[in-house]
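The chain contents come next:
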Amino acid sequence: MQHRVRGGGRFRWIGALGLVGVLGGGEARAEPARGGAPATANPTTVAVPIPGSDLVRGRAKVIVAAPIDAVRARVLAFGDYARFMPHYSRSKILGRTKSGDREIYMEVTALHGAVRFWARMAVRKLVAAAGGVETYDVSMLEGNVKDFHAVWRLRAIDEAHTELELELFLLPRLPLPTTLLNTENLQGASKGVRAMRSFVEGKR
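Residues numbered from 1 in each chain as written. Predicted model: local features only at pLDDT ≥ 70, side-chain atom pairs only at ≥ 80, totals over all residues. Heavy atoms only, no water.

Chemist: What is the right way to look at the overall build of the protein in this model?
Modeler: Looking only at helices and strands, one finds three helices and nine strands in the protein. Along the protein, helices (α) and strands (β) appear in the sequence β-β-β-α-α-β-β-β-β-β-β-α when read from the amino end. Out of the 204 residues belonging to the protein, those deemed buried represent 50%. A separation threshold of at least 6 residues defines the contact pool for the protein, and within that pool the share at least 24 residues apart is 57%. When the accessible surface of the protein is split by element, carbon and sulfur atoms take 51% of a total near 9,400 Å². (Helix = DSSP H or I, 4+ residues; strand = E, 2+ residues; numbered from the N terminus. Buried < 20%, exposed > 50% of the residue type's maximum accessible area, 1.4 Å probe, protein only. Contact = heavy atoms within 4.5 Å. Areas by Shrake-Rupley, 256 points an atom, 1.4 Å probe, with all protein chains shown as cover.)

As C-alpha cells, then:
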C-alpha cells in the first residue's frame, strides 16, 4: 500500500472501513514490522514505516471464528459500519465510480459529537486473490483530511476460521505531532479488526 497525500476539505476524518474511530483511544501496542507475525486472540499490531518520513501505517491482524465467505460479506457491507464500528455516525453505499469501483460515504464523530469527520471513498474491485489472500483497497476520493487509505486482507485458515487484517493510514489537515498520528493509526487498525471480528461472530 503506497502512502499518498490527497487534498480536499479542511480538517480530518478518522477511521473507515475500518476504517475506525481512532480518537477513541485503545490498548494497541506497536511491534516492529516483520513478516509472518502470528495472529492471536488479541490483535497483532505492527507499525509499518513509510519511507522518507517519520509516519507509520497501522496494521492489525486477528483470527475470526467464521468462514471466509461470512467475513467477506461483513467487510464489504459498508452500509452497516455505523452499527458496530466505534464512533461511526453514518455509513452509506453510494454506487459505482466510472471505473467500476464501489463508492461509499462515511461519517465519524468525536469529542462527544462536537466534531464531524467525513469522506467519500472508493473500494477497488478484487481482481485476484494472490497467495490465497483477498485484498480490498479503500482510498479517499474526497473528504476533510489530507489523505486516508485502508486495506482489508482476508485469508482462509480452514472452513471455520479466517485471518483478518486491516492496514490503516490517516493524515489530517491540521498540524499534529507525529507520535500522536502514529498512535492513532495503530489504535485505529486494532479497534477496527476487533469490532469487525465481534460483528462477524455475532458478539454485538
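Chemist: When you look at the environment of Val-71 in this model, what are you seeing that I'm missing?
Modeler: Within the secondary structure, Val-71 is located in helix H1 (residues 68-75). Taking C-alpha positions, Val-71 is 8.2 Å from Leu-164, a pair spaced 93 residues apart along the chain. Setting aside residues no more than four positions away along its own chain, Val-71 makes contact with Val-64, Ala-66, Leu-154, Thr-162, Leu-164 and Val-200.

Chemist: Just checking my understanding: could you explain the pairing of strand S8 (residues 147-158) for this structure?
Modeler: For a regular strand, the rule is simple: side chains alternate between the two faces of the sheet. Note that strand S7 (residues 133-143) and S8 share seven bridges and pair antiparallel. Considered in S8, the bridge of Asp-137 is made with Val-151. Judged from the 11 bridges that link them, S8 and strand S9 (residues 161-171) form a sheet pairing that is antiparallel. The residue of S9 that forms the bridge with Arg-155 is Glu-163. Counting the residues between successive antiparallel strands, the hairpin from S8 to S9 contains two residues. (Pairing = 2+ DSSP bridges.)

Chemist: Can you help me understand the nonpolar core in this one?
Modeler: Looking at soluble globular proteins, one finds that nonpolar side chains tend to be buried together. Ranked by internal contacts, the top residues of the largest apolar core, which has 38 residues, are Val-75, Tyr-81, Trp-152, Leu-164 and Met-196. At six residues, the largest contribution of residues to this core is made by helix H3 (residues 178-200). Contact partners of Met-196, with chain neighbours within four places excluded, come to Arg-74, Val-75, Tyr-81, Phe-84, Met-85, Trp-152 and Leu-164. The next biggest cluster of nonpolar side chains, apart from the first, holds five residues, and it includes Ile-50, Leu-55, Leu-171 and Leu-181. (Core = buried A, V, L, I, M, F, W, Y, C linked by side-chain atoms within 4.5 Å.)

Chemist: Sorry, what's going on with the pattern of salt bridges here?
Modeler: With the rule as written, the count across this model stands at 14 salt bridges. Linking Glu-167 and Arg-57 is a salt bridge whose minimum nitrogen-to-oxygen distance equals 2.6 Å. You can see Glu-167 sitting in strand S9 and its partner Arg-57 sitting in strand S3 (residues 56-64), a full 110 residues away along the chain. The residues Glu-167 and Arg-57 share a single accessibility class, namely buried. Salt bridges sharing common partners tie together Arg-57, Arg-59, Lys-61, Arg-153, Glu-165 and Glu-167. (Salt bridge = Lys/Arg side-chain N within 4 Å of Asp/Glu carboxyl O.)

Chemist: What am I meant to see in H1 here?
Modeler: Every α-helix winds through 3.6 residues per turn, so residues three or four apart in the chain are directed the same way. Within H1, the full set of buried residues consists of Ile-68, Val-71 and Val-75. Projection of H1 onto a plane perpendicular to its axis shows the buried side chains occupying an angular sector of 60 degrees, all on one side. The elements touched by buried residues of H1 are S3, helix H2 (81-84), S7, S8, S9 and H3. (Arc of directions from axis to C-beta.)

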